[in-house]
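# Architecture and fold: a report
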Amino acid sequence: MQFRDLQRQYQHLKNEIDASVQEVISSAQFISGKQVRDLEEKLAAYVGVRHCITCGNGTDALSIALLAWGVGPGDAVFVPDFTFFSSGECPAALGAVPVFVDVCRDTYNMDAVSLEREIKRVIAEGKLAPKVVVTVDLFGLPAEYDRLRAVCDEYHLLLLEDGAQGFGGELHGKKACSFGDISTTSFFPAKPLGCYGDGGAIFTEDDETAGLCRSIAVHGKNADNKYDNVRLGMNSRLDTLQAAILLPKFEAFRKYELDAVNRVADIYRENLKDMEELKLPIVKEGYYSSWAQYTIQLPEGTDRAQVQACMKEQGIPSMIYYGKPMHCQGAFAGTDSANADCPVTEELCGSVLCLPIHPYMADDEALTVAKALKAAVGRRQSM
Ligand SMILES: *Cc1c(COP(=O)(O)O)cnc(C)c1O
């Protein structure tokens, strides 16, 4: 069994993808071909925002957003402590200070109470100017935007939604990547909507911000002339080939893959809910997850490595996202970012386990995983 079976997906979509790739190769429009614009229009319409600007990857998308806002030295950028490295790497690489904020135990997403506490602390210390809150839609579930947006508004902070794992999720009928002043996503192959290499996108409602992001992504170009460079930028574009691969994959994604992956999550819940000592992922009223990961919490004191080994013996892969709080990453050692107060994140890093999940997983495979997990956790308890 594979953790995320991309080959099975390709077998389903082979004809469409092959034809779409061949069209690009025949046209030789490898950079900024018509498929790129076509994809941007479709994604913007789906998300429900005015602008989609594709780029090289989800990390660049975050950097471009922060550059568009002029984030740099002296700025505080609030980032969840439980996330992939990029969310904190991008502000730090621009000279800003990532301030790590604790997450909610039941949703894995940024805790609005912890956020407000950190904002007040930074203001009281008076060393940094609070500027941006990076909210992450972790594991496919949108963050708690009702509360987080209210905190951003109260302290006049910009909201950057890192939707790298969240594409396809919803809150109150609104799609993920529509909640930020700028929102970003990633098309890394294993993300909910993935391409066949690196890719990313930026979403915004604001015309001026969109123009800035488009300029920064292509060497700080003037609106319509690449050889008139009005600011420093970078070279970060989505290849036409990747756009051509994403077009048919996006159709499958919205037509049936989201339903299919939610069905797998339902099977897990049905078949694991009697194990009261396991904490299953919770999707609260009004939320919809695109299930980038299915992440459970093992009971306290469980030997996680042994549970993984036991499942592996039965051919079932599992992963740990994430094993280390951001503030403990070596890159932040000795910086102000390393001083964080995030007890929930520390606990989660010791107890989380991600099960295989993808839209092409058969019902009986999900049942096999659930059974193997029960046996593995049960074996621990009998010792
Ligand atoms: C994957 C990921 C990114 C970075 O995306 P890339 O396309 O790999 O650069 C950023 N943030 C989060 C939360 C991610 O999971």
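One can find the structure itself at the top, above this paragraph.
Here's a quick rundown of the structure. (Residues numbered from 1 in each chain as written. Predicted model: local features only at pLDDT ≥ 70, side-chain atom pairs only at ≥ 80, totals over all residues. Heavy atoms only, no water.)

So, on to the pairing of strand 1 (residues 51-55). Of all the 5 residues making up strand 1, 4 are buried; the element is thus mostly covered by neighbouring parts of the structure. The sheet contact formed by strand 1 and strand 9 (residues 200-204) spans 5 bridges and is antiparallel. Looking at strand 9, one finds that Ile53 is bridged to Ile202. (Buried < 20%, exposed > 50% of the residue type's maximum accessible area, 1.4 Å probe, protein only. Helix = DSSP H or I, 4+ residues; strand = E, 2+ residues; numbered from the N terminus. Pairing = 2+ DSSP bridges.)

Moving on to unusual backbone geometry. Put simply, Tyr321 and Tyr322 share a cis peptide bond, and its omega is 5°. Phi is positive for Phe139, which is not a glycine, with a value near 60°. Structurally, Phe139 is set in the loop between strand 4 (129-136) and helix 6 (145-154). Owing to a relative accessible area of 4%, Phe139 belongs among the buried residues under this scheme. Even without a glycine there, the phi angle at Cys177 is positive, about 80°. Within the secondary structure layout, Cys177 lies in the loop between strand 7 (174-175) and strand 8 (182-186).

As a further point, take the packing of aromatic side chains. This model, assessed by the stated rule, comprises 17 aromatic pairs. Ring geometry for Phe139 against Tyr322: centres 6.4 Å apart, planes inclined by 10°, an arrangement best described as stacked. On the criterion of sequence distance, the pair formed by Phe139 in the loop between strand 4 and helix 6 and Tyr322 in the loop between helix 9 (304-313) and helix 10 (343-351) is long-range, its members being 183 residues apart. Neither Phe139 nor Tyr322 differs from the other in exposure class; each is buried. The ring of Phe84 has Lys191 sitting right over it, with the charged end atom 5.8 Å from the ring centre. (Phe/Tyr/Trp six-rings, centres within 6.5 Å; stacked < 30°, edge-to-face > 60°. Lys NZ or Arg CZ within 6 Å of the ring centre and 35° of its normal.)

Another aspect to go through is the environment of Tyr288. The topology assignment puts Tyr288 in strand 12 (residues 287-288). Measuring from C-alpha to C-alpha, the distance between Tyr288 and Gly168 comes to 8.3 Å, with 120 residues separating the pair along the chain. Residues within four places of Tyr288 in sequence aside, it is in contact with Gly140, Pro142, Gly168, Gly169, Glu170, Leu258, Asp259, Asn262 and Val283. (Contact = heavy atoms within 4.5 Å.)

It is the contact of helix 1 (residues 6-27) with helix 8 (residues 240-272), at a shortest axis distance of 8 Å, that shows an interaxial angle of 145°. Pair helix 1 / helix 8 crosses with right-handed handedness. Of helix 8, the residues touching helix 1 (which contributes Gln9, Leu13, Glu16, Ile17, Ser20, Val21, Val24 and Ile25) are Thr240, Leu241, Ala244, Ile245, Pro248, Lys249, Ala252, Tyr256 and Glu257. A per-class count over the contact of helix 1 with helix 8 returns 11 nonpolar, 3 polar and 3 charged. (Axes fitted to C-alpha atoms, helices over the stretch in contact; angles between N-to-C directions. Left-handed = near helix turned anticlockwise from the far one by under 90°. Nonpolar A, V, L, I, M, F, W, Y, C, P; charged D, E, K, R; others polar.)

Neighbouring the ligand are 14 residues; Gly58, Thr59, Asp162, Ser186 and Lys191 lie closest to it. Note that an oxygen atom of the ligand is positioned 2.7 Å from one of the backbone N or O atoms of Gly58. Ser186 is positioned such that a nitrogen or oxygen atom in its side chain is 2.7 Å from an oxygen atom of the ligand. Under a 2 Å grid-point criterion requiring more than half of the atoms, the pocket assigned to the ligand is the largest pocket. Those elements giving two or more residues to the shell around the ligand turn out to be helix 3 (58-68) and helix 4 (86-93). Looking at the shell around the ligand residue by residue, the class counts come to 3 nonpolar, 9 polar and 2 charged. (Near = heavy atom within 4 Å. Polar contact = N/O pair within 3.5 Å; in protein donor to acceptor, adjacent residues only side chain to side chain. 1 Å grid on protein atoms, 1.4 Å probe; cavity = no way out; pocket = protein on both sides within 12 Å on 5 of 7 lines; lining within 4 Å. Sits in = over half its atoms within 2 Å of the grid points.)

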